[in-house]
Number of protein chains: 2
Amino acid sequence: MKAIIQRVTKATVTVGEEQVSSIGRGLCVLLGISVEDTQKDADYLVRKILNLRLFEDENGRAWSKSVMDRDFEVLCVSQFTLQCILKGNKPDFHSAMPAELAQPFYNSILESMRSSYKPELIKDGEFGAYMQVTIQNDGPVTVELSSPSGPTDPKQLSKQEKQQQRKEKTRSKGPSESSREKGAQRSRQDPNASSGAEGDVSSEREP
Amino acid sequence: MKAIIQRVTKATVTVGEEQVSSIGRGLCVLLGISVEDTQKDADYLVRKILNLRLFEDENGRAWSKSVMDRDFEVLCVSQFTLQCILKGNKPDFHSAMPAELAQPFYNSILESMRSSYKPELIKDGEFGAYMQVTIQNDGPVTVELSSPSGPTDPKQLSKQEKQQQRKEKTRSKGPSESSREKGAQRSRQDPNASSGAEGDVSSEREP
């Protein structure tokens with residue numbers, strides 16, 4: 001699972017003429033789920049997104065506070081194109097979890113974020129729709145995170161980081177596990193998940 | 001070197017009250033240079049950014065055309081925070097190339113893009129300034145690319161991809177190599193490049 005996290009002054013999602021979502025200061029998160037992702041990847045990224053210190057404190061000291069510390073908002077938008085493999089210059093999206101599996105899994109990730117923070121401060125796009133996502137990147141400040149079992153970025157997964165993962169916990173109130181695990185398990189078990197038989201995981205898949 | 005490439009309907013850069021840059025349809029590229037990057041990384045990413053097929057063709061067929069094929073624009077903004085290593089939840093930027101080396105290198109990358117395409121269609125932010133980068137992400141469509149010698153993403157560097165690299169070439173008109181190589185070599189040779197002695201590579205570094 002990959003997340004592109006942009007610190008924003010504001011961000012909106014428009015579908016056609018209609019604005020379907022908006023936030024003020026906070027984080028705009030573009031989230032790409034791979035066919036191999038499980039609940040563990042989701043838990044890691046939810047924890048990191050909510051706890052990452054990308055904001056200044058009240059004295060202006062940079063990199064001190066998380067989105068939760070500042071009571072800021074999160075706009076999360078599903079973005080399968082992050083699971084892109086280049087075949088020459090042509091993007092191939094067979095690594096992306098097929099939409100029918102990704103949608104319930106993605107919804108469970110949103111739920112997990114809401115129960116770990118304040119539900120009213122977690123906003124969403126419109127899964128699978130053709131959107132205009134307007135991001136006022138503040139700084140700019142952009143961080144790319146991959147979950148541990150996703151494509152391995154050795155820099156992002158130092159020994160220290162692994163230890164940290166074991167130690168730390170989000171302020172989780174324990175959201176319903178059943179639906180989230182189901183999504184994860186199905187993606188593991190579905191023999192067609194990475195076969196590319198479905199049109200929507202081929203490189204013809206539309207955003 | 002890491003690039004976050006967002007397909008945009010439009011994008012602007014504002015510093016204070018002043019709009020310093022803007023593009024219409026095209027790509028907004030956030031570019032993060034690491035202390036280890038050389039000219040080879042730059043060449044790879046310039047080639048990929050300009051040739052990546054993220055646009056539809058005249059018949060609406062998705063993933064067919066590159067930004068160059070469509071005569072669209074590129075807004076490139078330097079983004080050291082992409083070279084982020086998490087220490088727990090605190091971002092650490094010692095992997096980012098220090099600003100005094102990154103700036104000439106980054107400028108040479110822009111020059112390389114301009115000479116490989118149409119100079120007037122490559123726009124820039126303001127290196128090191130506190131900017132508001134407003135990105136109207138169209139789709140959304142976002143792709144993360146790492147250069148071959150950057151943090152290894154095995155999925156992005158398949159055998160096929162490596163072969164492709166050898167085969168393909170951008171429409172380069174052969175930009176001046178001297179300034180670009182200088183930037184790259186200096187970063188290799190500077191013994192302090194990753195020492196963190198400079199304030200601007202510590203986690204206190206501002207966007």
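From a predicted model like this one, the values you see are computed outputs, not experimental measurements.

Conventions used here
Residues numbered from 1 in each chain as written. Chains lettered and ligands numbered in written order. Predicted model: local features only at pLDDT ≥ 70, side-chain atom pairs only at ≥ 80, totals over all residues. Heavy atoms only, no water. Helix = DSSP H or I, 4+ residues; strand = E, 2+ residues; numbered from the N terminus. Buried < 20%, exposed > 50% of the residue type's maximum accessible area, 1.4 Å probe, protein only. Contact = heavy atoms within 4.5 Å. Areas by Shrake-Rupley, 256 points an atom, 1.4 Å probe, with all protein chains shown as cover. Pairing = 2+ DSSP bridges. Salt bridge = Lys/Arg side-chain N within 4 Å of Asp/Glu carboxyl O. pLDDT = per-residue confidence, 0-100. Right-handed = clockwise from strand over helix to strand, strands pointing away. Phe/Tyr/Trp six-rings, centres within 6.5 Å; stacked < 30°, edge-to-face > 60°. Expected span 1.5 Å × (residues − 1). Disulfide = S-S within 2.5 Å. Polar contact = N/O pair within 3.5 Å; in protein donor to acceptor, adjacent residues only side chain to side chain. Axes fitted to C-alpha atoms, helices over the stretch in contact; angles between N-to-C directions. Parallel < 35°, antiparallel > 145°, perpendicular 65-115°, else oblique. Left-handed = near helix turned anticlockwise from the far one by under 90°. Nonpolar A, V, L, I, M, F, W, Y, C, P; charged D, E, K, R; others polar.

Visitor: Tell me about the overall build of chain A, and please be specific about residues and values.
Guide: The number of helices and strands found in chain A is four helices and eight strands. Going residue by residue from the N terminus, the α and β elements of chain A occur as β-β-β-α-β-β-β-α-β-β-α-α. Out of the 207 residues belonging to chain A, those deemed buried represent 62%. For chain A, restricting intrachain contacts to residue pairs at least 6 apart in sequence, the fraction spanning at least 24 positions comes to 75%. With the model as given, the accessible surface of chain A reaches about 8,100 Å², and the carbon-plus-sulfur share is 45%.

Visitor: Provide a residue-level description of the pairing of strand β2 (residues 18-23) of chain B, including the pertinent values.
Guide: All names here are of chain B. With five bridges joining them, strand β1 (residues 2-15) and β2 adopt antiparallel strand pairing. Opposite Thr14, over in β2, you have Gln19 as the bridge partner. Hairpin connection from β1 to β2: two residues lie between these consecutive antiparallel strands, with Gly16 at a positive phi of about 60 degrees.

Visitor: Could you give an account of the pattern of salt bridges, naming the residues involved and the relevant values?
Guide: Close approach of charged atoms allows side chains with opposite charge to pair. A complete count under the given rule lists 18 salt bridges over all chains for this structure. For A:Glu56, the salt bridge goes to A:Arg25, with nearest N and O atoms at 3.3 Å. Note that A:Glu56 is positioned in the loop between α1 (39-51) and β4 (73-78) and A:Arg25 in the loop between β2 (18-23) and β3 (26-32), a separation of 31 residues in sequence. B:Lys123 serves as the salt-bridge partner of B:Glu73, at 3.2 Å between the closest nitrogen and oxygen.

Visitor: Could you give me a rundown of unusual backbone geometry, with the residues and numbers involved?
Guide: Leaving glycine out, the prevailing phi sign among residues is negative, and the prevailing peptide bond configuration is trans. Cis peptide bonds are those with omega within 30 degrees of zero, and the linkage from A:Gly139 to A:Pro140 qualifies with -5 degrees. If you check the backbone angles, A:Asp71 has positive phi at about 60 degrees while not being a glycine. Inspection of the secondary structure assignment puts A:Asp71 in the loop between α1 and β4. Even without glycine at this site, B:Trp63 takes up a positive phi of about 55 degrees. By secondary structure assignment, the location of B:Trp63 is in the loop between α1 (39-51) and β4 (73-78).

Visitor: Report on the confidence of the model for chain A, specifying residues and quantitative values.
Guide: Residues and elements named next belong to chain A. When the pLDDT values of chain A are averaged, the result is 82; 71% of them are 70 or greater. In this model residues 169-202 is a low-confidence stretch, pLDDT under 50, and it forms 57 contacts with partners more than four residues away in sequence or in other chains. Two numbers describe this predicted complex: its pTM, 0.78, and its ipTM, 0.78.

Visitor: Describe the pairing of β3(A), and please don't skip the residues or the numbers.
Guide: All names here are of chain A. Counting buried positions along β3 yields seven of seven residues, so the element is predominantly enclosed. Pairing of strand β1 (residues 2-15) with β3 involves seven bridges; the strand directions are antiparallel. In the sheet register, Gln6 faces β3, and the bridge partner there is Cys28. Each parallel crossover has a hand, and for β3 linked through α1 to β4 it is right-handed.

Visitor: Any details on the packing of aromatic side chains? Residues and values, ideally.
Guide: Going through the model one piece at a time under the given rule, you end up with eight aromatic pairs over all chains. Ring centres 5.0 Å apart and planes at 65 degrees place the aromatic pair A:Phe55 and A:Phe72 in the edge-to-face group. Placement of the pair is A:Phe55 in the loop between α1 and β4 and A:Phe72 in the loop between α1 and β4, with a sequence separation of 17 residues. On the basis of relative accessible area, A:Phe72 is assigned to the buried category, the value being 12%. Ring pairing ties together the aromatic residues A:Trp63, B:Phe80 and B:Phe93, which thus form one cluster.

Visitor: Requested: an account of α1(B), with residues and values cited.
Guide: Residue and element names in this part refer to chain B. Helix length check: α1 (13 residues) gives 18 Å between terminal C-alpha atoms against 18 Å at 1.5 Å per residue, within 8%. With 11 of its 13 residues buried, α1 lies for the most part within the structure. Among all positions in α1, only Gln39, Asp41, Ala42, Tyr44, Leu45, Val46, Arg47, Lys48, Ile49, Leu50 and Asn51 are buried.

Visitor: Give a detailed account of the state of the cysteines, specifying residues and quantitative values.
Guide: Tallied over the entire structure, the rule returns zero disulfides over all chains. A:Cys28 provides the cysteine sulfur closest to A:Cys76, a residue in no disulfide bond, and the two sulfurs are 8.3 Å apart.

Visitor: Pulling in residues and values, what's your account of the side chain of B:Asp57?
Guide: Residues and elements named next belong to chain B. Residue placement: Asp57 occurs in the loop between α1 and β4. The class of Asp57 is buried, set by a relative accessible area of 10%. Separated by 2.9 Å, the side chain of Asp57 and the backbone nitrogen of Asn59 make a polar contact. Polar contacts involving the side chain of Asp57 include one to the main-chain amide nitrogen of Arg61, which spans 2.9 Å. Residues within four places of Asp57 in sequence aside, it is in contact with Ser64 and Lys65.

Visitor: Account for the packing of α1(A) against helix α2 (residues 99-116) of chain A, with residues named and values stated.
Guide: Residues and elements named next belong to chain A. The geometry of α1 relative to α2 is characterised by a closest axis approach of 10 Å and an angle of 40 degrees between their N-to-C directions. By the angle between their directions, the pair α1 and α2 is classed as oblique. In this structure, α1 meets α2 at a crossing whose hand is right-handed. Packed against α1, whose contacting residues are Gln39, Ala42, Val46, Ile49 and Leu50, the element α2 presents Phe105, Ile109, Ser112, Met113 and Ser116 at the interface. In terms of residue class, the contact of α1 with α2 is built from seven nonpolar, three polar and no charged.

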